[in-house]
Amino acid sequence: MLCGKHILHKCIVPINQFLQKTQETLVFSEGPEVDRLAAMAGKYKVYLVMGVIERDGYTLYCTVLFFDSQGCFLGKHRKVVPTASERIIWGFGDGSTIPVFQTPIGKIGAAICWENKMPLLRTALYGKGIEIYCAPTADSRDVWQASMTHIALEGGCFVLSANQFCRRKDYPPPPEYVFSGIEEDLTPDSVVCAGGSVIISPSGTVLAGPNYEGEALISADLDLGEIAREKFAFDVVGHYSRPEVLSLVVRDHPATPVTYTSASVKTEGGLCITPVTIS
């Protein structure tokens, strides 16, 4: 995942030049990069949940892409609120990209980094019956583990949180990329993000991780029957809810700035113009 807080600690290049440069290397939701990821998921027969920086027109989004084990692109989730200085770079996702996908291995969805702290977003996912809750992040602090345990207990779901482990040498050298305030203290092998990837059960049991030792693959067997056992005691959108007192409305339609009432062909000045819908 791209960690905006590091990029913007010290902006050596004007932000408009930075955006022009990065837009040339980012992922379109329909493009060759997505096709390659889909092919990989199909080749290895895995369900793939991948964080990317997505370009839509001239707006960038922090996005998660979902693929099934047959190599099909299922859909995406865009981070609804970029964190802090990330807002200078990334757009805001809307309610149309908060999916939970029904799959043979369980209902899969995701929330990105600090939007996992948003109770209403989590509730929207719980309401869709999420069972495998993916939480890609750039937060390697100990308190992140507490948040992941809470979500597993609150939602009665398995939480899979993946974080990057990287050293200074994994980033471009100064002046292209600067860790402001600490750059002079860093060596090429200095750890700048310590990881902490973890898998947690609906009972709050840590099944794998957290891993802070270096790049690694962590895995666990998930017993979906544990979800039913835990929700017997606490179901936050079921028997432990009070909708007549507290309820949530999710506006899940695309929030587009321009809406065309007709899809018919229009002409102006003798020129034929076909309206184009961009999703």
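Structure first, text after, so check above.
J.: Mind showing me how you'd approach the packing of aromatic side chains here?
T.: Aromatic ring pairs are defined here through the distance separating the ring centres and the angle between the ring planes. All chains considered together, the criterion is met by six aromatic pairs. With 5.5 Å between their ring centres and 45° between their planes, F67 and F73 make a pair best called tilted. F67 sits in the buried class, given a relative accessible area of 1%. Residue classification places F73 among the partly exposed residues on the basis of a relative accessible area of 34%. Here F234 and Y240 contribute two aromatic rings whose centre-to-centre distance is 4.6 Å and whose plane-to-plane angle is 50°, an arrangement assigned as tilted. Members of the aromatic cluster, each reached through a chain of ring pairs, are Y171, Y177 and F179. The aromatic ring of Y61 is capped on one face by R78, whose charged end is 3.9 Å from the ring centroid. The ring of W114 carries the charged tip of K117 above its face, separated from the ring centre by 3.7 Å.

J.: How should I be thinking about the sheet that holds strand 10 (residues 197-200) in this particular structure?
T.: Hydrogen bonds between backbone atoms are what pair the strands of a sheet, whose relative direction is either parallel or antiparallel. Spatially, six strands are ordered 4-5-6-7-10-11 in an open sheet, and the strand pairing comes out mixed. In the strand order of this sheet, the two ends are held by strand 4 (100-103) and strand 11 (206-211), each with one partner. Across the sheet, the mean angle from the axis of one strand to that of its neighbour is 15°, orientation sign disregarded. Inspection of the sheet shows strand 10 paired to strand 11 by three bridges, in the antiparallel sense. Looking at the pairing, S197 lines up with N211 of strand 11.

J.: Please explain the environment of S247 as it appears in this structure.
T.: Summarising the element assignment, S247 is placed in the loop between helix 6 (225-233) and strand 12 (266-268). Overall, the relative accessible area of 65% leaves S247 in the exposed class.

J.: Help me understand a nonpolar patch on the surface, please; the structure alone is not making it clear to me.
T.: The grouping of M40, Y44 and V46 at the surface amounts to a nonpolar patch, some 300 Å² of accessible area in total. Relative to the helices and strands, V46 resides in the loop between helix 3 (32-44) and strand 1 (48-56). By relative accessible area, which is 34% here, V46 ends up partly exposed.

Each value, and the rule that gives it
Sequence positions are assigned chain by chain, starting from 1 and proceeding in written order. Local features in this predicted model are restricted to residues whose pLDDT is 70 or higher, and side-chain atom pairs enter the listing and the counts only when it is 80 or higher, whereas totals over whole chains, interfaces and linings include all residues. In computing side-chain values, all of the structure's heavy atoms are included and hydrogens and water are not. A pair of aromatic rings is counted whenever rings of Phe, Tyr or Trp (Trp by its six-membered ring) have centres within 6.5 Å, and the orientation is called stacked for planes under 30 degrees apart, edge-to-face for over 60 and tilted otherwise. Buried residues are those whose accessible area, probed at 1.4 Å on protein chains only, stays under 20% of the maximum for their type, while exposed residues exceed 50% and partly exposed ones sit between those limits. Only Lys NZ and Arg CZ are tested; either one counts as a charge over a ring when it is within 6 Å of the ring centre and within 35 degrees of the ring normal. Here, strands pair whenever DSSP counts at least two bridges between them. Each helix is a run of H or I in the DSSP string that is no shorter than four residues. Each strand is a run of E no shorter than two, and both are numbered from the N terminus. In this analysis, axes come from line fits to C-alpha atoms, helices being fitted only over the stretch in contact, and the angle between any two N-to-C directions falls in the range 0 to 180 degrees. Like-charged residues within 9 Å of one another, or nonpolar side chains (Val, Leu, Ile, Met, Phe, Trp, Tyr) within 5 Å, are grouped into patches, provided each residue has over 30% relative accessible area and no salt bridge. Areas reported as accessible are Shrake-Rupley estimates using a 1.4 Å probe. Residue values count occlusion only from the protein chains shown. One speaks of a salt bridge when a side-chain nitrogen belonging to Lys or Arg is within 4 Å of a carboxyl oxygen belonging to Asp or Glu.

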